[in-house]
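Spelled out, the chains give:
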Amino acid sequence: MPSIDARTLLHTAVPTAVTGLIAVAVSAVVAGGKGALGAAIGTLVVVLFMGAGLVVLQRTAKQYPHLFQAMGFLLYTTQLLLLFVFLMAFKDTTLFDSKVFALTLLVATIVWVAAQARAYLKAKILYVEPEESTAPAAAKTGSAT
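Note that the coordinates shown come from a computational prediction; the quantities given were computed from them, not determined experimentally. (Residues numbered from 1 in each chain as written. Predicted model: local features only at pLDDT ≥ 70, side-chain atom pairs only at ≥ 80, totals over all residues. Heavy atoms only, no water.)

Here we look at the packing of helix H2 (residues 68–89) against helix H3 (residues 98–122)
Line of reasoning, step 1. Their axes nearest at 11 Å, the elements H2 and H3 cross at an angle of 165°. The pairing of H2 with H3 is recorded here as roughly antiparallel in orientation. Between H2 and H3 lies a crossing of right-handed hand. Of the residues in H3, those in contact with Tyr76, Leu80, Leu83, Phe86 and Leu87 of H2 are Phe101, Ala102, Leu105, Thr109 and Gln116.
Line of reasoning, step 2. Its residues placed into classes, the contact of H2 with H3 shows 8 nonpolar, 2 polar and no charged. (Axes fitted to C-alpha atoms, helices over the stretch in contact; angles between N-to-C directions. Helix = DSSP H or I, 4+ residues; strand = E, 2+ residues; numbered from the N terminus. Parallel < 35°, antiparallel > 145°, perpendicular 65-115°, else oblique. Left-handed = near helix turned anticlockwise from the far one by under 90°. Contact = heavy atoms within 4.5 Å. Nonpolar A, V, L, I, M, F, W, Y, C, P; charged D, E, K, R; others polar.)

Points about the packing of aromatic side chains
Line of reasoning, step 1. Enumeration over the complete set of coordinates arrives at 6 aromatic pairs.
Line of reasoning, step 2. Note on Phe49 and Phe86: the rings are 6.0 Å apart at their centroids and 75° apart in plane angle, and the pair reads as edge-to-face. A residue pair is termed long-range when its members are at least 10 positions apart, and Phe49 in helix H1 (residues 3–63) and Phe86 in helix H2 qualify at 37 residues.
Line of reasoning, step 3. Judged by centre distance (5.9 Å) and plane angle (40°), the rings of Phe90 and Phe96 are tilted.
Line of reasoning, step 4. Relative accessible area serves as the criterion here: at 4%, Phe96 is assigned to the buried category.
Line of reasoning, step 5. Taken together, the aromatic side chains of Phe49, Phe86, Phe90, Phe96 and Phe101 make up a single cluster linked through ring pairs. (Phe/Tyr/Trp six-rings, centres within 6.5 Å; stacked < 30°, edge-to-face > 60°. Buried < 20%, exposed > 50% of the residue type's maximum accessible area, 1.4 Å probe, protein only.)

Here we look at H2
Working note: α-helix, 3.6 residues per turn, so residues spaced by three or four point in the same direction.
Line of reasoning, step 1. Taking 1.5 Å per residue as the helical rise, H2 with its 22 residues ought to reach 32 Å, and the 31 Å between its terminal C-alpha atoms agrees with that figure.
Line of reasoning, step 2. Here H2 has its buried residues at Gly72, Leu75, Gln79 and Leu83. When H2 is viewed along its axis, its buried side chains cluster within an angular range of 65° and face the same direction. Residues of H2 that are exposed and point more than 90 degrees away from the buried face comprise Ala70, Phe73, Leu74, Leu81, Val85 and Ala89. (Expected span 1.5 Å × (residues − 1). Arc of directions from axis to C-beta.)

Here we look at the environment of Lys34
Line of reasoning, step 1. As for its position among the elements, Lys34 is in helix H1.
Line of reasoning, step 2. The exposure class assigned to Lys34 is partly exposed, which follows from its relative accessible area of 48%.
Line of reasoning, step 3. Distance from Lys34 to Phe96, taken between C-alpha atoms, is 4.4 Å for residues 62 residues apart in sequence.
Line of reasoning, step 4. If near-sequence neighbours (up to four positions away) are discounted, Lys34 is found in contact with Thr94, Leu95, Phe96 and Asp97.

See below:
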């Protein structure tokens, strides 16, 4: 993984993980052990889904730069739909607090997207890659003084 991609992943995953830790602590106080477990699972799901999506998007951008924008839209739409399906699948679970899970999922997703936007705004990414010149050097024009 190129350093810019690793840096972007780091700058998005760390704020999301910190948000998840805060959610686990608050949930443990408010909703007990099941709430803390729900917050931890919600954070883990967001980091895994969004991290995998970021890796897929970066690989697509390298191989098929002309599909980058469409792939980004498709990827984010798919991620949000998968998060919704995951939320619906565990709606009636008794393993953890589903309300805390849903709230943590929402907050962690918002933090991930905001952190990713900030990381891209701060990154110095070339949008035009200069080509190597293979043509012979052009003769100087003008008069010699």
